Amino acid sequence: MLRRLLALSRPLYWLYERRLLREVKGGPMPKHLGLILDGNRRYARALGLSPTKGHEFGVQKAYEVLEWCLEMGIKTVTVWVFSTDNFKRSPEEVETLMRLFVQEAERMAEDHRILENQVQVRVIGRREGFSEEVLRALERLEESTRHHRGMVLNIAMGYGGREEIVDAVRRLLLEAEAKGLSPKEVAEALAPEDIARHLYTAGLPDPDFIVRTSGEVRLSGFLLWQSAYSEFYFADVLWPEFRKIDFLRALRSYQARERRFGR
């Protein structure tokens, strides 16, 4: 009976997805989409699997969502895959994630979707704490896509929003010192743009839209500075369960909003 119901629902799901796609595709798209990929471990536990297996499901979903973003013409995407706090997880889970990072960095460097769509991959965050093997794999991926001029894909690893702002201020002060400026001179001339140009995402538009899965309603430090005027969408589904209709519903919600930027 269950199989029959599932079989009957597929055409309805497909028709609904096509309708949503037609509805959304003609509307304004975010220039920069931020994604907080939450719920991998809960998804695995619900299936009776080791929590670390959830990250493998999450990786496959990330490739799917990347394809949807390419289809919709979104120019910049930032995905948060590993925070500075994630280093505090169990050694087994961290080791599993490190293996996945190496495996997927090597895979992405040769992935036809990355090559055909000229996706430029950038890794943002602090590099401390990652092994030489992980760092070499990430650097090879960045270097192999550096000349690409299609979508910019930021992969936030070792990332924390407060840490990013601290790093930006540190770079600003070191730059000022190199120019012979005093702290007073720096303070008197300081403007938001001075900090913005030292952020990990310098040169890119701030995110218009940020989506978080798993039902959690918080940013957890994601793009703290850049999200001042972002629109937010919190999906109840866990990341590996995030379907195209969920993605399209999120975009439809974004398109229905009036962005006034404080005016």
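Computed from a predicted model, the values in this text were never measured in an experiment. (Residues numbered from 1 in each chain as written. Predicted model: local features only at pLDDT ≥ 70, side-chain atom pairs only at ≥ 80, totals over all residues. Heavy atoms only, no water.)

Q: Lay out the side chain of T78 in plain terms, naming residues and giving numbers.
A: Considering the arrangement of structural elements, one finds T78 in strand β2 (residues 76-83). Among the residues examined, T78 registers a relative accessible area of 0% and is labelled buried. In terms of polar contacts, T78 uses its side chain to reach the side chain of H32, at 2.7 Å. Every residue in contact with T78, bar those within four places of it in the chain, is listed here: H32, L33, G34, L35, I124, N154, F222 and L223. (Helix = DSSP H or I, 4+ residues; strand = E, 2+ residues; numbered from the N terminus. Buried < 20%, exposed > 50% of the residue type's maximum accessible area, 1.4 Å probe, protein only. Polar contact = N/O pair within 3.5 Å; in protein donor to acceptor, adjacent residues only side chain to side chain. Contact = heavy atoms within 4.5 Å.)

Q: For the layout of surface pockets, give the residues involved together with the corresponding values.
A: Approximately 1100 Å³ is the volume found for the largest pocket. Surrounding the largest pocket, 50 residues form its lining, L37, W80, V81, F82 and N86 being those nearest its centre. Those elements that provide at least two residues to the lining of the largest pocket are β1 (32-36), α2 (40-46), α3 (53-72), β2, α4 (91-108), α6 (132-145), β4 (152-159) and α7 (161-178). The element contributing the most residues to the lining of the largest pocket is α3, with eight residues. Each residue belonging to the lining of the largest pocket can be placed in one class, and the counts come to 27 nonpolar, 11 polar and 12 charged. Counted as a void, the second largest pocket has a volume near 190 Å³. Mapped by element, the contributors of at least two residues to the lining of the second largest pocket are β3 (120-124) and α7. The element best represented in the lining of the second largest pocket is β3, accounting for three residues. (1 Å grid on protein atoms, 1.4 Å probe; cavity = no way out; pocket = protein on both sides within 12 Å on 5 of 7 lines; lining within 4 Å. Points joined across faces, edges and corners; volume = space filled by probe spheres on them. Nonpolar A, V, L, I, M, F, W, Y, C, P; charged D, E, K, R; others polar.)

Q: Tell me about the UniProt feature "active site" (unreviewed entry) in the protein chain, and please be specific about residues and values.
A: Taken from the UniProt record, the annotation "active site" (unreviewed entry) applies to D38 and N86. These annotated residues cover 49 residues of sequence, and their C-alpha atoms all fall within 12.3 Å of one another, placing them together at a single site. Cross-referencing the annotated residues with the lining of the largest pocket gives D38 and N86. Mapped onto the fold, D38 is located in the loop between β1 and α2. Filtering out sequence-adjacent residues up to four positions away, D38 remains in contact with R212, T213, S214, E216, L238 and W239. (UniProt positions renumbered as here; feature names shortened; annotations may be inferred.)

Q: Account for the pairing of β2, naming residues and giving values.
A: Burial within β2 is extensive, with seven of its eight residues counted as buried. Two strands pair when backbone bridges link them, and β1 and β2 are joined in this way by five bridges, in the parallel orientation. In the strand pairing of β2, G34 is matched with T78. (Pairing = 2+ DSSP bridges.)

Q: Give a description of the nonpolar core that names residues and reports values.
A: Core analysis: the largest hydrophobic core is formed by 51 residues, its most contacted members being M72, L153 and F247. Looking at this core element by element, the count peaks at eight residues for α4. Setting aside residues up to four positions removed in sequence, L153 forms contacts with L66, V77, V79, M108, V119, Q120, V121 and R122. Listed in part, the 10 residues of the second largest apolar core include A156, Y159, I210 and L219. (Core = buried A, V, L, I, M, F, W, Y, C linked by side-chain atoms within 4.5 Å.)

Q: Give a detailed account of a positive patch on the surface, specifying residues and quantitative values.
A: On the surface, R18, R19, R22 and K25 cluster together into a patch of positive charge. Within the fold, K25 resides in helix α1 (residues 2-25). (Patch = residues over 30% accessible without salt bridge, like charges linked within 9 Å, V, L, I, M, F, W, Y side chains within 5 Å. Areas by Shrake-Rupley, 256 points an atom, 1.4 Å probe, with all protein chains shown as cover. Salt bridge = Lys/Arg side-chain N within 4 Å of Asp/Glu carboxyl O. Lys, Arg positive; Asp, Glu negative; His and termini not counted. Charge placed at Lys NZ, Arg CZ, Asp CG, Glu CD.)

Q: Which residues make up the pattern of salt bridges, and what values do they have?
A: Inspection of the entire model under this criterion finds 26 salt bridges. With a closest N to O distance of 3.0 Å, D38 and R212 form a salt bridge. Of the two residues, D38 sits in the loop between β1 and α2 while R212 sits in strand β5 (residues 209-212), which places them 174 residues apart along the sequence. The same class applies to D38 and to R212, which are both buried. A salt bridge links R113 to E67; its shortest N-O distance comes to 2.9 Å.

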